[in-house]
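Here is how the chains run, residue by residue.
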Amino acid sequence: MNYFPDEVVEHVFDFITSHKDRNSVSLVCKSWYKIERYSRQRVFIGNCYSITPQRLIARFPGLKSLTLKGKPHFADFNLVPHDWGGFLDPWIKALAKSRIGLEELRLKRMVVSDDSLELLSKSFPNFKSLVLVSCEGFTTDGVAAIAANCRFLRELDLQENEVEDHRGHWLSCFPESCTSLVSLNFACLKGEINLASLERLVARSPNLKSLRLNRVVPLDTLQKLLMRAPQLVDLGIGSYVDDPSSEVFTKLKAVIQLCNSIRSLSGFLEVAPCCMSAIYPICENLTFLNLSYAPGLQGNDLTKLVQHCRKLQRLWILDCIGDKGLGVVASTCKELQELRVFPSDPFDAGNAAVTEEGLVLISAGCPKLNSLLYFCHQMTNAALITVAKNCTNFIRFRLCILDPVKADPVTNQPLDEGFGAIVRSNKSLKRLSLSGLLTDQVFLYIGMYAKKLEMLSIAFAGDSNKGMLYVLNGCKKLRKLEIRDCPFGDVALLEDMGKYETMRSLWMSSCEVTLGACKTLAKKMPSLNVEIINESEQLEFSLDDRLLVDKMYLYRTLVGHRKDEPEYVLLL
Amino acid sequence: MSPLLLGVEEEGQSRVSSPSVECISQNGLGIREWNYLGLSDFCSVDSSGVPDDNGNNLNLKATELRLGLPGSQSPERETEHCFLNSGKLDEKTLFPLLPSKDGICSSSQKSVVTGNKRGFSEVKGTIYTEKKWMGPGAVPDSQSLQPVSHGKYSVAQASVKKDGRANVIQEQPCTSNGTKVNRTDISNNSSAPTAKAQVVGWPPIRSFRTKALTTSSKNNDEVDGKPGPGTLFVKVSMDGAPYLRKVDLRMYSTYQELSSALEKMFSCFTLGQCGAHGTPGKEILSESKLKDLLHGSEYVLTYEDKDGDWMLVGDVPLEMFIETCRRLKIMKSADAIGL
């Protein structure tokens, strides 16, 4: 193996960038392990409790970019109580103490405190990029610290975080000397900002390519910003409200024409539909359009807009576009790869905005479709079978029927056959979310056909343990399995305990797993952390192994029990 | 139509915000095995397969605790509730939406939470035979059984329209002691929530997104004019004028300015009035005369506030006025006597 000097091998490794490949490379031999670990700059940790920061630092001294994920996915839907975990603090503290020259930090579903942000901003002189997705626990003071102290900041990207807003001085904290910004996204912040500061910041950032504003930035500021930054590639509009006959609006129309680099458009958090025509000139070049936060746009506004977007590859939209509107998408957007249709009113029985018809139209019109998230009121097996015939390239297929156990309204059958067809014809499927009335049969199909499946989300489905067993046995590449409200119990859980070591995590809530089974599993598999989340007032845990557990989350780990669990979490 | 349905409908139509418990007792049906919105009554009806039964029928199958959301039925069950007020279920589920918006939310949520979360004491000794929950959401299923249903099917879901999202439910105390009514129906409808929307974590939408959309629609609904910090256009009507105007309330820093602007806008109409009242038509109406006309006994400026009440302009500070005003009306003072 050592035909080449280390430097040559290292140079070869430079071309290997994917995490999976680098992980594989490091397993070949000791020598390669050593070369790889010293040259590794980017590390991805899918579960922050699977390893400690100390071991990370020890193994990868050259670390520059770290991605961390904290809470389990179902935390997005309020199934994980507050304070469960996922704290950034210990990581920052450990990294700050070390000699790691961190430049990039990407976090998802973690609890981030202002103190951590401040420590981060002061500990790494070359820090360039902070991306926070679905995080919480910080305020605009923490953001201000980042702005103030990171001299070479290129990217500040806040996506869908719960941030306590202390009213806008954070933007003014960017020093006059900061001219390196490439990406600034503060759309999720709710509070006021100093508009003049924003204008000046944009004016002195010649490399700015991505700018996403929050809802308090009015249209006239937008116009001024675009004047300063016609080179933008990604624009998120905050407030888009004005009188179409106003002078400001006329200026905006003119300046938008100059912004011919814009490929990605989002926002419209507040919008006056009559102003949308100004956007049409840039629609021709758009590859990503996200109108999922723009409830001010009605179906026909959306349709009119979409008609101009021939090059669209990704579309995120609200279901008020309707089946007809999706038909327009299908006939216009032939390059479409990803479609997400969100419900504009998730709890409203009212109008069935999109149904299976829209999906069928899309599948027929968009041959390149490979990623779908679709919220609808109903779905039929026939429609799914048609979709499966039309589209064989799905990598992600997430269907959410708003009534979670709804059968096929035409045949009153469960949707087993429909989903079965999807998995049968989409051999590259990596992620699948099911809904509707489903029996064990669908899991038989998944186990048989979804050989590349990595993540599966199940709710209110199945009849018996067999369902879960089909999946565990058949899906060899399964990494994440999350189940809620299904009749899967101890038999399924304990059948193949070794399987969980090949997976990142398993979530089961409101199923039929007993405490005793969880204890058994924890005992037999020391490489797994088995956590029981118990929110009821019953504290007699240890008394009865026959008790059904409310929520169980297990994950593989190299470092045993975590030390920061809250009271209501029991680590077995 | 069962009396319950009637009650619910009436409730809905009159937008009564009293808790449905009261309505139920008004119907004289008693409180029995049903949740606040009365939907579980249908659930028990569904399970028993006897449409007219009001829940007395203790069909054993119906008492089984099953996993699954409201409306989930194992296939053989579905045939049982074919004739349920399917069409009516449409209305029935729709109407609870209205009152629930007003005040029932909290009570329903409580009942949901207790139902939904299985406290260990409830769970102990429970034998799960079949795995579906019976729930009032049986409604959508039974609707789906309509033989003439087509692919495109407008189903009135048994969901409660409210802002109370899963978040809110989560915060309710989870006790194994149900609140009032729901205790009795736990065994029957297996503690299924009154409506889908009240199931924690469903539909699977990030709470950030749900909150953001709710804020947006609130902003859009609150004012008559365009939302946004920049402008606040409200309609101005005048008695006798053939068409309305719109003014941007944010343009004015005093009531005087607003008043002058309105005078200018509506001068053309008052000219006509002058003419009608016998003033020589050729006389040029000076501004002062116009002011007199408006400030005199002829007209008063009133506005409709957020609560729908008509108020006299000028009583509250301008900022408060701007915040609460939905539209303006220039009334003849004779009409404005009530104010």
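Numbers given to residues run from 1 along each chain, matching the order in which its sequence is written. Throughout, the order in which chains and ligands are written sets their labels, letters from A for the former and numbers from 1 for the latter. Totals for whole chains, interfaces and linings use every residue, but because this is a predicted model, local features are given only for residues with pLDDT of at least 70 and side-chain atom pairs only at 80 or more, for both listing and counting. Each side-chain value is derived from all of the structure's non-hydrogen atoms; neither hydrogens nor water enter the calculation.

- Chain B is annotated in an unreviewed UniProt entry as Auxin-responsive protein of Gossypium aridum.
- UniProt positions are given in the numbering used here, feature names are shortened, and annotations may be inferred rather than shown by experiment. Per UniProt, chain B carries the Sequence similarities (unreviewed entry) text "Belongs to the Aux/IAA family."

- As annotated in an unreviewed UniProt entry, chain A carries the name F-box domain-containing protein and is attributed to Gossypium aridum.
- Quoted verbatim from the Subcellular location (unreviewed entry) field of UniProt, the annotation for chain A is "Nucleus".

### Considering the overall build of chain A
Here is step 1 of the chain: In terms of helices and strands, chain A carries 20 helices and 23 strands.
Here is step 2 of the chain: Each residue is placed in one exposure class: buried if its accessible area under a 1.4 Å probe, protein chains only, is under 20% of its type's maximum, exposed if it is over 50%, and partly exposed if it falls in between. Residue burial in chain A is summarised as follows: out of 572 residues, 63% are buried.
Here is step 3 of the chain: We call two residues in contact whenever any of their non-hydrogen atoms come within 4.5 Å of each other. Taking contacts inside chain A between residues at least 6 apart in sequence as the whole, the part at least 24 apart equals 71%.
Here is step 4 of the chain: Methods summary: accessible areas were calculated by the Shrake-Rupley approach with a probe of 1.4 Å, and residue burial reflects only the protein chains presented. Per element, the accessible surface of chain A, about 21,200 Å² overall, is 53% carbon and sulfur. Helix numbers and strand numbers start at the N terminus; a helix is a DSSP run of H or I with at least 4 residues, a strand a run of E with at least 2.

### A word on the overall build of chain B
Here is step 1 of the chain: Assigned secondary structure in chain B consists of 15 helices and 5 strands.
Here is step 2 of the chain: Burial status across chain B gives 54% buried among its 339 residues.
Here is step 3 of the chain: At a minimum sequence separation of 6, the contacts of chain B that also span at least 24 residues come to 69%.
Here is step 4 of the chain: When the accessible surface of chain B is split by element, carbon and sulfur atoms take 54% of a total near 14,500 Å².

### Section: the packing of aromatic side chains
Here is step 1 of the chain: Aromatic rings from Phe, Tyr and Trp, taking only the six-membered ring of Trp, are treated as a pair when their centres fall within 6.5 Å; an angle between ring planes under 30 degrees marks them as stacked, one over 60 as edge-to-face, and anything in between as tilted. Summed over all chains, the structure comprises 20 aromatic pairs over all chains.
Here is step 2 of the chain: On the numbers, 5.7 Å between centres and 65° between planes, the contact of A:Trp84 with A:Tyr553 is edge-to-face. Of this pair, A:Trp84 sits in the loop between β2 (65-69) and α5 (89-97) while A:Tyr553 sits in strand β22 (residues 551-556), and the two are 469 residues apart along the sequence.
Here is step 3 of the chain: What links up through ring pairs into an aromatic cluster is the set A:Tyr49, A:Phe74, A:Phe77, A:Trp84, A:Trp507, A:Tyr553 and A:Tyr555.
Here is step 4 of the chain: Two thresholds decide whether a charge sits over a ring: the Lys NZ or Arg CZ must be within 6 Å of the ring centre and within 35 degrees of the ring normal. For A:Arg424, the ring lying beneath its charged end belongs to A:Tyr445, and the centroid distance is 5.6 Å.
Here is step 5 of the chain: Taking the ring centre of B:Trp310 as reference, the NZ or CZ of B:Lys329 above it sits at 5.6 Å.

### Remarks on the state of the cysteines
Residues and elements named next belong to chain A.
Here is step 1 of the chain: Cysteine sulfur atoms are paired as a disulfide whenever they fall within 2.5 Å. One pass over the structure, following the stated rule, counts 0 disulfides over all chains.
Here is step 2 of the chain: With no disulfide of its own, Cys274 lies 4.3 Å from the sulfur of Cys275, the closest cysteine sulfur.
Here is step 3 of the chain: Using a relative accessible area of 41% as the deciding quantity, one classes Cys274 as partly exposed.
Here is step 4 of the chain: You can see Cys376 has no disulfide; the closest cysteine sulfur is in Cys400, sitting 7.6 Å from it.
Here is step 5 of the chain: Its relative accessible area of 1% is what places Cys376 among the buried residues.

### Re the sheet that holds strand β4 (residues 310-312) of chain B
Residues and elements named next belong to chain B.
Here is step 1 of the chain: Strand pairing is assigned whenever DSSP identifies at least 2 bridges connecting the two strands. Taken together, the 5 strands give an open sheet; going across it, the order is β2-β1-β5-β3-β4, and neighbouring strands pair in mixed fashion. The open sheet has two edge strands with one neighbour each: β2 (245-248) and β4. Across the sheet, the axes of successive neighbouring strands diverge by a mean angle of 35°, strand direction being ignored.
Here is step 2 of the chain: One ladder, built from 4 bridges, connects strand β1 (residues 233-238) with strand β5 (residues 325-332); its direction is parallel. Bridge pairing in β5 links Lys235 to Arg327. Interaxial angle, 0 to 180 degrees, is taken between N-to-C directions of lines fitted to C-alpha atoms, where a helix line uses only the stretch in contact.

### Examining the packing of helix α13 (residues 322-332) of chain A against helix α14 (residues 356-365) of chain A
Describing two packed helices takes the angle between their axes plus the distance from one axis to the other.
Residues and elements named next belong to chain A.
Here is step 1 of the chain: For the pair α13 and α14, interaxial distance at closest approach is 8 Å and the crossing angle is 5°. It follows that α13 is roughly parallel to α14 by the angle criterion. Seen from α13, the contacting residues are Asp323, Leu326, Gly327, Val329 and Ala330; seen from α14, they are Glu357, Gly358, Leu361, Ile362 and Gly365. Oblique is the label for every angle not falling under 35 degrees (roughly parallel), over 145 degrees (roughly antiparallel), or within 65 to 115 degrees (roughly perpendicular).

### Looking at the packing of helix α2 (residues 19-26) of chain A against helix α3 (residues 30-39) of chain A
Residue and element names in this part refer to chain A.
Here is step 1 of the chain: Across the interface, α2 lies against α3 with an axial gap of 8 Å and an inter-helix angle of 145°. Between α2 and α3, the contacting residues are Arg22, Val25 and Ser26 on the first element and Trp32, Tyr33, Glu36 and Ser39 on the second.
Here is step 2 of the chain: Partitioned by chemical class, the residues of the contact of α2 with α3 number 3 nonpolar, 2 polar and 2 charged. Amino acid classes used here: Ala, Val, Leu, Ile, Met, Phe, Trp, Tyr, Cys and Pro are nonpolar; Asp, Glu, Lys and Arg are charged; the rest, including Gly, are polar.

### Topic: the pairing of β5(B)
Here is step 1 of the chain: Across 7 bridges, strand β3 (residues 299-305) of chain B lies against β5(B) in antiparallel orientation. Bridged to B:Asp305 within β5(B) is B:Cys325.

### Considering the pairing of strand β15 (residues 371-376) of chain A
Residue and element names in this part refer to chain A.
Here is step 1 of the chain: Judged by how many residues are buried, β15 sits mostly within the fold: 6 of 6 residues are covered.
Here is step 2 of the chain: Residue alternation in β15 divides its side chains into two sets, Ser371, Leu373 and Phe375 and Leu372, Tyr374 and Cys376, and both sets are buried.
Here is step 3 of the chain: The pairing of strand β14 (residues 338-342) with β15 spans 4 bridges and is parallel. Within β15, the residue paired with Leu339 across the bridge is Leu372.
Here is step 4 of the chain: Note: β15 against strand β16 (residues 396-401), 6 bridges, orientation parallel. Note that in β16 the partner of Ser371 across the bridge is Arg396.

### Comments concerning the pattern of salt bridges
Here is step 1 of the chain: Within this document, salt bridges are pairs made up of a side-chain nitrogen of Lys or Arg and a carboxyl oxygen of Asp or Glu, the two lying within 4 Å of each other. Taken as a whole, this structure holds 28 salt bridges over all chains when the rule is applied.
Here is step 2 of the chain: A salt bridge links A:Lys93 to A:Asp89; its shortest N-O distance comes to 2.6 Å. One end of the pair is A:Lys93 and the other is A:Asp89, both in helix α5 and 4 residues apart, which spans about a single turn.
Here is step 3 of the chain: The partly exposed category is assigned to A:Lys93, whose relative accessible area is 44%.
Here is step 4 of the chain: Each member of the salt-bridge network shares a partner with another, and the members are A:Asp76, A:Arg109, A:Glu160, B:Arg206 and B:Arg209.

### Some remarks on unusual backbone geometry
Excluding glycine, residues mostly have negative phi values, and the peptide bonds linking residues are mostly trans.
Here is step 1 of the chain: Residue B:Pro203 follows B:Trp202 across a cis peptide bond; omega there is -5°.
Here is step 2 of the chain: Here B:Pro203 lies in the loop between α11 (182-189) and α12 (207-222).
Here is step 3 of the chain: At A:Asn78, a residue that is not glycine, the phi angle is positive and equals roughly 65°.
Here is step 4 of the chain: Tracing the backbone shows A:Asn78 in the loop between β2 and α5.

### Describing a negative patch on the surface
Here is step 1 of the chain: Taken together, A:Asp6, A:Glu7, A:Glu10 and A:Asp14 make up a surface patch of like negative charges.
Here is step 2 of the chain: One can find A:Asp6 in helix α1 (residues 6-13). Patches were defined on residues exceeding 30% relative accessible area and lacking a salt bridge, with like-charge contacts within 9 Å and nonpolar side-chain contacts (Val, Leu, Ile, Met, Phe, Trp, Tyr) within 5 Å. Positive charges come from Lys and Arg alone, negative charges from Asp and Glu alone, with His and the N- and C-terminal ends not counted. Positions of charges follow a simple convention, taking NZ of Lys, CZ of Arg, CG of Asp or CD of Glu.

### What to know about a nonpolar patch on the surface
Here is step 1 of the chain: Side chains of A:Tyr3, A:Phe4, A:Val8 and A:Val12 sit close together on the surface and give an oily, nonpolar patch of about 470 Å² of accessible area.
Here is step 2 of the chain: Within the secondary structure layout, A:Tyr3 lies in the segment before α1.

### Remarks on helix α7 (residues 140-149) of chain A
Here is step 1 of the chain: Counting buried positions along α7(A) yields 7 of 10 residues, so the element is predominantly enclosed.
Here is step 2 of the chain: Capping the start of α7(A), A:Thr139 holds a side-chain oxygen 3.0 Å from the backbone nitrogen of A:Asp141, two or three residues further along. Any N or O atom pair separated by 3.5 Å or less is treated as a polar contact, with the protein-specific requirement of one donor-capable and one acceptor-capable atom, and with residues adjacent in sequence counted only for side-chain atom pairs.

### Description of the side chain of A:Ser183
Here is step 1 of the chain: The residue A:Ser183 is located in strand β8 (residues 183-185) in this model.
Here is step 2 of the chain: With sequence-adjacent residues up to four places away left out, A:Ser183 is seen in contact with A:Arg154, A:Glu155, A:Leu156, A:Leu208 and A:Ser210.

### Concerning helix α10 (residues 247-258) of chain A
Residues and elements named next belong to chain A.
Here is step 1 of the chain: Each helix should span, by expectation, one fewer than its residue count multiplied by 1.5 Å. Its 12 residues give α10 an end-to-end C-alpha distance of 17 Å, which sits within 8% of 16 Å, the value for a rise of 1.5 Å per residue.
Here is step 2 of the chain: Phe249, Leu252, Val255 and Ile256 are the residues of α10 that are buried. Taken around the axis of α10, the buried residues stretch over an arc of 125°, which confines them to a single face. α10 presents Glu247, Gln257 and Leu258 as exposed residues on the side facing more than 90 degrees away from its buried surface.
Here is step 3 of the chain: Those residues of α10 hidden inside the fold are in contact with α9 (219-228), β10 (234-240) and α11 (280-283). Note that the arc is defined by the directions from the helix axis to the C-beta atoms.

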